[in-house]
Amino acid sequence: MFIKQVIIHGFKSYREQTVVEPFDHRHNVVVGRNGSGKSNFFYAIQFVLSDEFSHLRPEQRQALLHEGTGPRVVTAYVEIIFDNTDNRVPIERDEIVLRRVIGAKKDQYFLNKKMVPRSDVMNLLESAGFSRSNPYYIVKQGKINQMATAPDSQRLKLLREVAGTRVYDERKEESTTILKETEGKIEKIQEFLRTIEERLKTLEEEKEELKEYQKWDKMRRSLEYCIHDRELKDTKRKLDELEERLSNFDEDQKKLTSELKAAQEAAKSIARKLKDAKKEVQLAKEEKETLNVEQQQLFKDKTKLELTIKDLSDEVMGDDRSKDRAENELRKLTETIALKEGELEKLKPLYEAQKKKEEDCTRDLGLKEQKRKELYAKQGRGSQFTSKADRDKWIEKELKSLNKQIKDKSEHRDKLAEELKKDAEKQVQLEKKIEEQTAELERQRAAIDDYNKQHYEHKKNKDQYQSTRNELWRKENQLQHTLTSLKEELAKADQALRSMAGKPILNGRDSVRKVLETFRQRGGTYADLADAYYGQIIENFDCEKSIHTAVEVTAGNRLFYHIVESDSVGTQILKEINRQNLPGEVTFMPRNRLHVKDQRYPPSGDAIAMVSKLTYEPMFDKAMRYIFG
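How each quantity is defined
Residues numbered from 1 in each chain as written. Predicted model: local features only at pLDDT ≥ 70, side-chain atom pairs only at ≥ 80, totals over all residues. Heavy atoms only, no water. UniProt positions renumbered as here; feature names shortened; annotations may be inferred. Pairing = 2+ DSSP bridges. Helix = DSSP H or I, 4+ residues; strand = E, 2+ residues; numbered from the N terminus. Axes fitted to C-alpha atoms, helices over the stretch in contact; angles between N-to-C directions. Contact = heavy atoms within 4.5 Å. Buried < 20%, exposed > 50% of the residue type's maximum accessible area, 1.4 Å probe, protein only. pLDDT = per-residue confidence, 0-100. Salt bridge = Lys/Arg side-chain N within 4 Å of Asp/Glu carboxyl O. Patch = residues over 30% accessible without salt bridge, like charges linked within 9 Å, V, L, I, M, F, W, Y side chains within 5 Å. Areas by Shrake-Rupley, 256 points an atom, 1.4 Å probe, with all protein chains shown as cover. Lys, Arg positive; Asp, Glu negative; His and termini not counted. Charge placed at Lys NZ, Arg CZ, Asp CG, Glu CD. Expected span 1.5 Å × (residues − 1). Parallel < 35°, antiparallel > 145°, perpendicular 65-115°, else oblique. Nonpolar A, V, L, I, M, F, W, Y, C, P; charged D, E, K, R; others polar.

Named according to an unreviewed UniProt entry, the chain is Structural maintenance of chromosomes protein 3 originating from Cuerna arida. The record in UniProt for the chain states the following under Sequence similarities (unreviewed entry): "Belongs to the SMC family. SMC3 subfamily."

This is the structure:
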């Protein structure tokens, strides 16, 4: 057995497919420059045949792929073709093709172009001598030098590995371990055998006891049979006596049955009365609670009204006192104004006289002063002025001073006259403002009276509305209680109806109602289809309560048939049910397809036609006679 051909593609430095052949069956030498791929060629052979490149991590697999310029290599393979003419590999073929393909996420083996698991490849190579326990069928560079310089003990170990004796040592250890385990299992089996023998002895003893027990049990059953037969005969005799007595009790039984029925009717009547009484008690409790709430509200309103009345009384008394006080102040102010005006009228002549007197005195004083100055001037004029020009200058100065004083006095007089005029105007404005404030005060009092009247009216209306609301609350509670009772009765009736009619029929009823609601929402012709549906049989007639059972037994599930105007209406409803995929069973009775024969019943006083006891619209006559005959 030898290698005939090696094909490498994408492995390490071999980017393109490389075919290496031929090989000699004895010795082959690979020669090349540095970096030409000699080492990678031997790595490729190791990659397929040895166990060194097993269990690779992703980065190690990536390192085996070719890395260089150009498109990225994602897979690589190495294929070795062996000459198997000596049948060293147990396969009946002269050539064996072994390929290993590796990628970033895959590692596959192919034997003769068929994918096989790695374990089968390793077993096949071991059978040909490529044992994992003897890895020296491939000698790497430097291994021979390492063997030559190694110590004797290591070389002996190496020779054993090359000779393959280590395999037998390992197998010997495995056999020794298996032998020890087998001896332990034998001891356990022997112990189990001893336990089973002891158990067999116990079972033999129990077997004898069982035979004795069966003997006495047979005797016991015989005695029990005799006793049972005797008791059976006595029981039959007593049963015959009881039957004779029972035949005499038929009349008593009928009497007791009638009494029982009467008692049951009385119990039902009492139960209805008790239910009504409970409803009345519940209503009375609710009314009592409502009245208590109203009473508390009335007490609160009464307290609020008393406080309001007190506040209003205080406000009215305060308003009256304020009014009196304001009137007194107004009267006092009017008297004071009149008094002050009288005093002013009295003081005006005196003021004018005194003012005139003051002006005369001031004028006389000025004249006297001027005269005095003239006298002084004449007295010392000769010594005062050195020349006539100085005297004229002084005279001009004095004239200017006198003219200025005259001007100041005139301005002061005009100012006083202006102030008197403003005071008179201010007095008129104050009197006018007093009159306006008095009129505003009267208007505010009238407005307060109007507001008080409106407040009283609103208070009265509020009390009336409060009473009306309380009355409506009571009615609402009664209606709510009645509605709850009706809902409970409706739920019970619906549950009874479901137990009688069955789930598919009621689901069909609900589906038809849903479809009709859809038609009404769409409007137009669909609304006309909804109007052409008249409901179920049970919804379109009425009868006496005494024949309810007879009606149910006669009609059965036909009570839930649906009446429609025509078969086209039923067809449209069924199409919509199927389109919406709704559940249930539905049976339609189109009025245009119903044909009923007139039945003539023989006259009899013991029986009447059921349809004659039903009340319904004339348009449903065919449907009713179709169901009830």
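Colleague: Would you mind showing me how to read the sheet that holds strand E7 (residues 533-536) here?
Modeller: Pairing between the strands of a sheet is mediated by backbone hydrogen bonds and can be parallel or antiparallel. With mixed pairing, three strands are arranged side by side in an open sheet as E7-E9-E10. Among the strands making up the open sheet, the edge pair consists of E7 and strand E10 (588-590). Taken pair by pair, the neighbouring strands of this sheet meet at an average axis angle of 20 degrees, ignoring direction. With three bridges connecting them, E7 and strand E9 (residues 562-564) associate as antiparallel partners. By the bridge assignment for E9, Tyr-533 is matched with Val-564. The sheet strands contacting helix H12 (residues 567-580) are E7, E9 and E10, and the helix crosses E10 at an angle near 150 degrees.

Colleague: How do you make sense of unusual backbone geometry when you look at a structure like this?
Modeller: Across the chain, the bulk of peptide bonds are trans and the bulk of non-glycine residues have phi less than zero. In the segment running from Glu-21 into Pro-22, the intervening peptide bond is cis, with an omega of -10 degrees. The backbone of Asn-112 shows a phi angle near 55 degrees, a positive value even though the residue is not glycine. Following the sequence through the fold, Asn-112 ends up in the loop between strand E5 (107-111) and strand E6 (114-116). A residue is classified by how much of its surface remains accessible, and Asn-112, at 16% relative accessible area, is buried. A positive phi angle, near 65 degrees, is found at Lys-113, a position not held by glycine. Along the chain, the position of Lys-113 falls in the loop between E5 and E6. For Lys-113, a relative accessible area of 77% puts it in the exposed group.

Colleague: Please explain the confidence of the model for the chain as it appears in this structure.
Modeller: Do not read the fine detail of predicted coordinates wherever pLDDT is low. In this model, the chain carries a mean pLDDT of 82, and residues with pLDDT of at least 70 account for 93%. When pLDDT is averaged over each element of the chain, E9 comes out on top at 92 and helix H5 (residues 152-163) at the bottom at 70.

Colleague: Could you clarify how one ought to interpret the pattern of salt bridges in this entry?
Modeller: In this structure the tally under the stated criterion is 22 salt bridges. Between Glu-95 and Lys-4 there is a salt bridge, and its shortest N-O distance comes to 2.5 Å. Here Glu-95, found in strand E4 (residues 95-103), pairs with Lys-4, found in strand E1 (residues 2-9); they are 91 residues apart in sequence, far enough to count as distant. Asp-217 is paired through a salt bridge with Arg-221; the nearest N and O atoms lie 3.3 Å apart. Here Arg-221 and Asp-217 lie together in helix H6 (residues 165-248), a separation of four residues that amounts to about one turn.

Colleague: Explain a positive patch on the surface to me, please; I cannot follow it from the model alone.
Modeller: A cluster of basic residues, Lys-268, Arg-272, Lys-273 and Lys-545, forms a positive patch at the surface. Locating Arg-272 in the fold gives a position in helix H7 (residues 250-384).

Colleague: How should helix H9 (residues 503-522) be read in this particular structure?
Modeller: At 3.6 residues per turn, the α-helix brings residues three or four places apart onto the same side. With 20 residues, H9 should cover 28 Å at 1.5 Å per step; its first-to-last C-alpha distance of 29 Å lies within 8% of that length. Among the residues of H9, those classed as buried are Ile-505, Leu-506, Asn-507, Gly-508, Arg-509, Ser-511, Val-512, Val-515, Leu-516, Thr-518 and Phe-519. Downstream of H9 by a residue or two, Gly-523 has a phi angle that is positive, lying close to 75 degrees.

Colleague: Explain the packing of H9 against H12 to me, please; I cannot follow it from the model alone.
Modeller: Helix-helix packing is characterised by the crossing angle of the two axes and by the distance between the axes. The geometry of H9 relative to H12 is characterised by a closest axis approach of 10 Å and an angle of 100 degrees between their N-to-C directions. Accordingly, the angle class assigned to the pair H9 and H12 is roughly perpendicular. Contact with H9, carried on its side by Val-512, Lys-514, Val-515, Leu-516, Thr-518, Phe-519 and Arg-522, involves Gln-572, Ile-573, Glu-576, Ile-577, Arg-579 and Gln-580 of H12 and no other residues of that element. Tallied by class, residues from the contact of H9 with H12 come to six nonpolar, three polar and four charged.

Colleague: Quick question: what am I supposed to make of a nonpolar patch on the surface here?
Modeller: On the surface, Ile-189, Phe-192, Leu-193, Ile-196, Leu-200 and Leu-203 cluster together into a nonpolar patch covering about 580 Å² of accessible area. Looking at where Ile-189 falls in the secondary structure, it is placed in helix H6. For Ile-189, a relative accessible area of 47% gives the class partly exposed.

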